[in-house]
Amino acid sequence: EDARAAWQIGSHVQELVENAVDQTHFLAVHSLPSAQVFDMQPEGATLNMHGKFVMAEGTEPARLEWNWSGVNFGYVHTRTADGLENCQLLMYTPIEEELVQVRFTTVVKHVRDDALSRRILHATNDETIRLFNQDIEIWEAKIYRPRPELAQGDGDFMKYRRWAKQFYGSSG
């Protein structure tokens with residue numbers, strides 16, 4: 001069983017993936033107590049990243065692994081300290097230069113029984129929708145800056161952008 005969501009967002013597709021690099025936004029926009037993105041490894045058309053996120057005060061961090069194949073398809077595998085696991089497939093399709101069709105599908109590792117697994121699936125999906133909706137207004141208002149002014153802890157935007165540049169030809 002899976003759960004799904006979809007949006008059309010007025011932004012460039014690259015901005016949506018770049019969001020995962022911006023570790024301070026997880027604190028400021030999503031009010032997470034702690035967020036760390038590290039170990040960004042570009043390899044050809046693939047980009048892998050890892051992170052540790054504390055979703056609520058007093059809880060152990062969840063471990064996340066992102067894997068992107070280009071800027072259009074990726075997945076995030078999350079493992080919590082208490083053994084829950086989920087995977088989210090992220091599909092970003094540019095409709096126009098500044099309009100992206102976003103679809104994601106969430107699956108969770110089965111736990112004790114089907115009913116509990118279903119509740120975990122829908123709670124995970126609902127939380128992801130809530131967090132994603134918090135980003136939409138920012139994406140739609142964002143202005144691309146080739147060399148953005150970065151604050152300490154923002155993340156390695158330029159490493160991400162060097163990787164993403166390969167998908168846009170010589171003018172991108």
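Residues numbered from 1 in each chain as written. Predicted model: local features only at pLDDT ≥ 70, side-chain atom pairs only at ≥ 80, totals over all residues. Heavy atoms only, no water.

## Looking at the confidence of the model for the protein chain
In step 1: Residue-level pLDDT values for the protein chain average 91, and 97% of them are 70 or greater.
In step 2: The least confident element of the protein chain is helix α2 (residues 23-28), whose mean pLDDT is 87; the most confident is strand β1 (residues 3-9), at 97. (pLDDT = per-residue confidence, 0-100. Helix = DSSP H or I, 4+ residues; strand = E, 2+ residues; numbered from the N terminus.)

## So, the packing of aromatic side chains
Within a pair of aromatic rings, the relevant descriptors are the distance that separates the centres and the angle that separates the planes.
In step 1: One pass over the structure, following the stated rule, counts nine aromatic pairs.
In step 2: Ring geometry for F26 versus F53: centroids 4.6 Å apart, planes at 85°, classification edge-to-face. Taken as a pair, F26 in helix α2 and F53 in strand β3 (residues 46-54) lie far apart in primary sequence, 27 residues in all.
In step 3: On the accessibility criterion, F26 (12% relative accessible area) is buried.
In step 4: For F53, a relative accessible area of 3% puts it in the buried group.
In step 5: An angle of 65° between the planes, with centres 5.0 Å apart, marks the rings of F132 and W139 as edge-to-face. Neither residue differs from the other here; F132 and W139 are each classed as buried.
In step 6: Among the aromatic residues, ring-to-ring pairing joins W7, F104, F132 and W139 into one connected group. (Phe/Tyr/Trp six-rings, centres within 6.5 Å; stacked < 30°, edge-to-face > 60°. Buried < 20%, exposed > 50% of the residue type's maximum accessible area, 1.4 Å probe, protein only.)

## Re the pairing of strand β7 (residues 99-108)
In step 1: Among the ten residues that make up β7, eight are buried, leaving the element largely enclosed by the rest of the structure.
In step 2: Looking at chain direction, β1 and β7 are connected through seven bridges and run antiparallel. What sits directly across from R4, in β7, is T105.
In step 3: Pairing of strand β6 (residues 85-96) with β7, which is carried by ten bridges, proceeds in the antiparallel orientation. Paired with E96 across the strands is L99, a residue of β7. (Pairing = 2+ DSSP bridges.)

## Let's talk about the side chain of N19
In step 1: Note that N19 resides in helix α1 (residues 13-21).
In step 2: In this structure the side chain of N19 is engaged in a polar contact, spanning 3.2 Å, whose partner is the side chain of H25.
In step 3: Polar contacts involving the side chain of N19 include one to the side chain of D135, which spans 3.1 Å. (Polar contact = N/O pair within 3.5 Å; in protein donor to acceptor, adjacent residues only side chain to side chain.)

## Things to note about the packing of α1 against helix α4 (residues 157-164)
In step 1: α4 packs onto α1 with a crossing angle of 145° between their chain directions and a minimal axis gap of 10 Å. Read as a crossing pair, α1 and α4 show a hand that is right-handed. Counting all contacts with α1, which are made through Q14, V17, E18 and V21, the residues of α4 involved are F157, Y160, R161 and A164. (Axes fitted to C-alpha atoms, helices over the stretch in contact; angles between N-to-C directions. Left-handed = near helix turned anticlockwise from the far one by under 90°. Contact = heavy atoms within 4.5 Å.)

## Focus: the nonpolar core
In step 1: With 33 residues, the main nonpolar core has M49, W66, W68, Y92 and Y160 as its most contacted residues.
In step 2: Among the elements that make up this core, the one with the highest residue count is α1 (five residues).
In step 3: Beyond its immediate sequence surroundings of up to four residues, W66 is in contact with A20, V37, L47, N48, M49, H50, G51, F53, Y75 and V76.
In step 4: Counting residues in each nonpolar core, the second largest holds five residues, with A3, L116, I120 and L121 among its members. (Core = buried A, V, L, I, M, F, W, Y, C linked by side-chain atoms within 4.5 Å.)

## Side note on the environment of Q88
In step 1: The residue Q88 is located in strand β6 in this model.
In step 2: A sequence separation of 40 residues divides Q88 from T128, and the C-alpha atoms of the two residues are 9.3 Å apart.
In step 3: Setting aside residues up to four positions removed in sequence, Q88 forms contacts with G74, Y75, V76, F104, T105, T106, T124 and T128.
In step 4: Side chain to side chain, Q88 and T128 meet in a polar contact 2.7 Å long.

## Overview of the sheet that holds β7
In step 1: On the basis of which strands lie adjacent, the open sheet formed by seven strands has the order β1-β7-β6-β5-β4-β3-β2 and antiparallel pairing. Of all strands in the sheet, those with a lone pairing partner are β1 and β2 (34-43), marking the two edges. Pairs of neighbouring strands in the sheet enclose a mean axial angle of 15°, with direction left out of account.
In step 2: The pairing of β3 with strand β4 (residues 62-69) spans eight bridges and is antiparallel. Paired with T46 across the strands is S69, a residue of β4.
In step 3: This element, helix α3 (residues 114-141), spans β1, β6 and β7 of the sheet and lies at about 10° to β1.

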